[in-house]
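Take a look at the letters that make up each chain.
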Amino acid sequence: MRKYTHDISKSFFASYVTAIVVLLTVFGGGSTCFAATDTDSIAEKATENKEISEETKESERKLTPEERDSILARELKEFVVTGKKNRIEGNKIISVPSQKEKNLSYDPASLIDMMKMPGIRVKDGGINTIDGSPVTIFINGVRANETDIATFRTEDVVRVEYIHNPADPQYSGEFEVINFIVKEYQAGGVTKAYVSQTFPNMGFYTLSSKAVYKDMTYSAMVKGNYWRDHFGEEEKTTTYKDIYYNGEHYDEIIDQSHSDLWERNNSIQSMFSARWMGKKGVITHSAGLAWDQNPGSGSRSTEIWTPNILNSVSTNTSTSRMSLSPQIRGDYNFYPSDKFSISSFWAYQYTHNNSSSFYQSSSLDPILNGTKEDVHGVRVAVNPQYNVNNYIQFILNNFWSSTWYDTQYSGSNTSRIKQMRGTNIERLLFYWTPNDKFNMALVPGIRTEYWNFEGEKTQSRCAATAEIYLNWSISSKFRMTASSYYRNYPTTASEASDIILKSSDLLWIQGNPNLKSMDQWTTGVRATWLPSDMFNIGASFAWIRFNNADREIYTVAPAEMGGLIKTYSNVGGLDDLSASLDLTGRFLKNKLTVNIHPCLMYDKIGGDMKRDKVAFQIDASASYQFGNFNADVRYRKSTPTLSVFSMTESRNNDQLSISLSWGIKDLYASVGVDNIISKVKSWSNYNSPNYSYNEWGSSWPLQVTVSLSYTISYGKRTNSNIDAGNVSTGDSGALK
């Protein structure tokens with residue numbers, strides 16, 4: 001980790017050279033003599049050769065930020081520094097943000113979005129590859145977490161690296177990585193506040209701080225959010241076939257309803273972390289607390305039943321829940337030699353869950369259900385790495401996790417269910433890098449799952465896994481990557497409880513402890529072409545095959561129970577194919593940026609519910625920078641898609657939004673308007689032999705969001721590398 005730290009005595013000159021190189025990237029140059037990635041070596045060579053002339057210093061002082069952004073090259077005595085905004089080096093795509101892009105962003109995702117970095121995209125606040133695969137965020141080679149994100153200072157970013165298949169042990173065997181290279185400091189700190197308020201009624205608030213002194217770094221964060229949606233409406237037609245009610249058989253029962261919906265949620269998360277960083281290792285210990293609450297959500301419905309077996313014209317429902325989850329974690333990274341390194345972590349999380357639900361149809365007796373639950377979870381990982389030479393590396397990935405659930409039901413069922421679920425993963429990662437243009441990773445492995453219910457024999461399932469990742473950097477402007485892997489995902493505890501609950505007058509819910517784990521085969525190819533700094537193209541093709549995916553099924557309940565039983569079952573095969581392009585152009589001296597992302601998808605469901613669907617979607621955006629402002633307009637065209645897990649066909653309405661942001665170094669503000677075309681609307685349908693529905697829903701009128709971020713940095717700039725793990729609400733074994 002120490003390789004990013006440079007001598008403070010060189011920091012002024014290094015910062016000067018860094019600024020020049022960054023600013024040379026707008027129009028690009030013919031070739032790069034010294035990249036922004038080599039700031040320290042440039043400073044050392046320049047200091048050894050000659051001091052910068054007074055004339056050069058004077059011209060530097062006269063440059064405005066706009067002039068710096070438009071410089072193509074700067075001659076520094078005996079060498080010339082030129083720069084490109086985006087370039088390909090081996091398995092990396094390297095991008096250098098401009099000062100304006102840093103000013104007009106406030107966190108990693110917003111910076112990537114402003115930069116329109118090749119090969120990756122930002123959607124709904126997350127960073128993904130252009131084919132939708134998640135990307136793991138690192139900062140100076142250390143895995144980022146919520147504290148890192150909360151204290152992220154865009155002003156400190158020197159460059160951004162998107163890495164496919166990194167063999168460096170600091171990346172812990174991840175295969176899609178975004179690494180932010182930021183300035184490091186010896187002592188000092190950062191305090192940051194972020195507020196985002198959406199009208200009618202939603203808010204996100206974060207206050208975070210960290211401090212560095214010598215080898216120690218301390219950080220703390222607290223964030224909260226709330227959500228209120230009282231604008232939901234739903235039109236639904238539900239059909240029940242071949243069922244019993246009150247001992248009588250009915251060929252078909254139809255329920256037509258109109259519902260007014262409301263949803264609420266509150267959440268608070270906090271975290272504290274302490275890290276020691278030495279020459280040969282890094283040790284981090286952290287503690288966090290997450291609280292999540294639904295204070296009351298529900299619906300009021302008017303209904304027409306055919307035939308009117310329930311003698312009902314209205315229905316009221318409500319749900320509430322609360323979850324409290326303290327957690328602790330330790331992370332350890334040691335680098336005893338150039339050939340050997342080892343990383344490991346342990347984590348413990350306790351969660352207490354309470355939930356309740358209410359259903360009443362007209363004057364019939366209400367149906368009440370509730371759960372109280374304690375969950376204990378432990379995770380441990382050990383990853384030794386051995387570097388045979390510069391071309392061959394091995395990592396042995398060992399991961400173990402186990403979770404214990406104790407769930408007490410009340411209401412229509414008073415059972416107490418205790419279950420344990422665990423996973424062991426053993427993988428051998430073999431990296432081969434024969435030259436700077438090509439690298440490959442082969443990853444054979446074994447995954448073992450085990451589970452039991454109290455008083456029963458432990459069951460297990462063992463499956464072989466395999467992965468292969470390829471990267472071919474044909475030139476500094478073009479690269480291709482390919483990957484293919486087999487993975488296995490266990491069933492969730494909430495689907496496996498072997499009990500039955502009464503959900504409504506015609507519907508029961510039952511878990512299935514015999515569900516099989518889901519297998520997934522994924523194969524994909526991606527290409528990135530950077531013909532110039534004014535234009536770049538990304539393309540991808542991916543095929544995903546799911547076996548044993550679980551889905552909801554509805555079976556006829558016995559006559560003495562009546563209605564239908566919703567449970568879970570494995571389906572045959574599911575196929576998801578997608579092909580997409582990502583086109584980015586910069587015009588008018590980089591003031592206007594246009595991005596177009598068309599995607600063609602084909603979904604096919606096998607088994608007893610054979611269906612397929614072709615869909616075309618397109619996301620488009622245009623932004624224009626003027627002064628310290630950026631104006632942005634975005635449009636998303638939506639078409640019907642199949643949900644391969646719930647077996648539903650669904651569609652959301654097209655979305656149009658605009659925003660105006662302003663930023664200057666550590667102060668950022670924005671205002672945005674969403675749902676300009678209409679309310680958020682959705683449509684979905686489900687068809688099975690005994691149960692089907694057609695549903696139309698709408699929510700949220702025009703939304704206005706105001707955001708503000710302010711960062712204070714002090715002392716001799718600090719290290720942004722706190723790695724404390726994520727603070728999350730715990731898992732649940734309660735049947736849903």
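The structure this text deals with has already been given above.
As the structure is a computational prediction, the values presented were derived from the model and not from experiment. (Residues numbered from 1 in each chain as written. Predicted model: local features only at pLDDT ≥ 70, side-chain atom pairs only at ≥ 80, totals over all residues. Heavy atoms only, no water.)

Could you clarify how one ought to interpret the overall build of the protein in this entry?
Per the secondary structure count, the protein includes eight helices and 40 strands. The 736 residues of the protein split such that 52% are buried. Within the protein, residue pairs in contact and separated by at least 24 positions form 67% of the contacts whose partners lie at least 6 positions apart. Of the roughly 32400 Å² of accessible surface on the protein, 57% is carried by carbon and sulfur atoms. (Helix = DSSP H or I, 4+ residues; strand = E, 2+ residues; numbered from the N terminus. Buried < 20%, exposed > 50% of the residue type's maximum accessible area, 1.4 Å probe, protein only. Contact = heavy atoms within 4.5 Å. Areas by Shrake-Rupley, 256 points an atom, 1.4 Å probe, with all protein chains shown as cover.)

Can you help me understand the packing of aromatic side chains in this one?
By convention here, two paired aromatic rings are described through the distance between centres and the angle between planes. In total, this model carries 19 aromatic pairs according to the counting rule given. For the pair Phe 175 and Tyr 469, a centre-to-centre distance of 3.8 Å together with 10° between the ring planes defines the contact as stacked. Here Phe 175 is found in the loop between strand E9 (157–164) and strand E10 (176–182), whereas its partner Tyr 469 is found in strand E22 (residues 459–473), with 294 residues between them in sequence. In this pair, the class of Phe 175 matches that of Tyr 469, namely buried. A centroid spacing of 6.1 Å and a plane angle of 65° characterise the contact between Tyr 691 and Tyr 693, whose relative ring orientation is edge-to-face. (Phe/Tyr/Trp six-rings, centres within 6.5 Å; stacked < 30°, edge-to-face > 60°.)

When you look at the pattern of salt bridges in this model, what are you seeing that I'm missing?
Once the charged atoms of two side chains with opposite charge are near each other, the side chains can pair. Counted according to the given criterion, the structure contains 27 salt bridges. Residue Asp 619 pairs with Arg 121 through a salt bridge whose shortest N-O separation is 3.6 Å. Here Arg 121 lies in strand E5 (residues 120–123) and Asp 619 lies in strand E32 (residues 611–626), a separation of 498 residues in the sequence. With respect to burial, Asp 619 and Arg 121 carry one shared label: buried. If you follow the salt bridges from partner to partner, you end up with Arg 121, Asp 124, Asp 582, Asp 619 and Arg 636 in one network. (Salt bridge = Lys/Arg side-chain N within 4 Å of Asp/Glu carboxyl O.)

For this particular structure, what's the right way to read the sheet that holds strand E24 (residues 500–504)?
Paired through backbone hydrogen bonds, the strands of a sheet run either parallel or antiparallel to each other. Taken in spatial order, the four strands make up an open sheet running E24-E25-E29-E28, and their pairing is mixed. Because the sheet does not close on itself, it has two edges, and the strands there are E24 and strand E28 (550–556). Across this sheet, the average inter-strand angle for adjacent strands is 35°, counted without regard to direction. Looking at chain direction, E28 and strand E29 (residues 564–570) are connected through seven bridges and run antiparallel. (Pairing = 2+ DSSP bridges. Axes fitted to C-alpha atoms, helices over the stretch in contact; angles between N-to-C directions.)

Hey, could you run me through unusual backbone geometry in this one?
Backbone phi values are negative for most residues with the exception of glycine, while trans is the configuration of most peptide bonds. In this structure, the amide linkage connecting Thr 306 to the following residue, Pro 307, adopts the cis form with an omega of -10°. As for its placement among the helices and strands, Pro 307 is situated in the loop between strand E15 (281–306) and strand E16 (314–334). Phi is positive for Asp 124, which is not a glycine, with a value near 55°. Mapping Asp 124 onto the fold places it in the loop between E5 and strand E6 (126–129). On the basis of relative accessibility, which here comes to 68%, the residue Asp 124 falls in the exposed class. One non-glycine residue, Asn 675, adopts positive backbone phi at about 60°. If you trace the backbone, Asn 675 turns up in the loop between strand E37 (667–674) and strand E38 (680–687).

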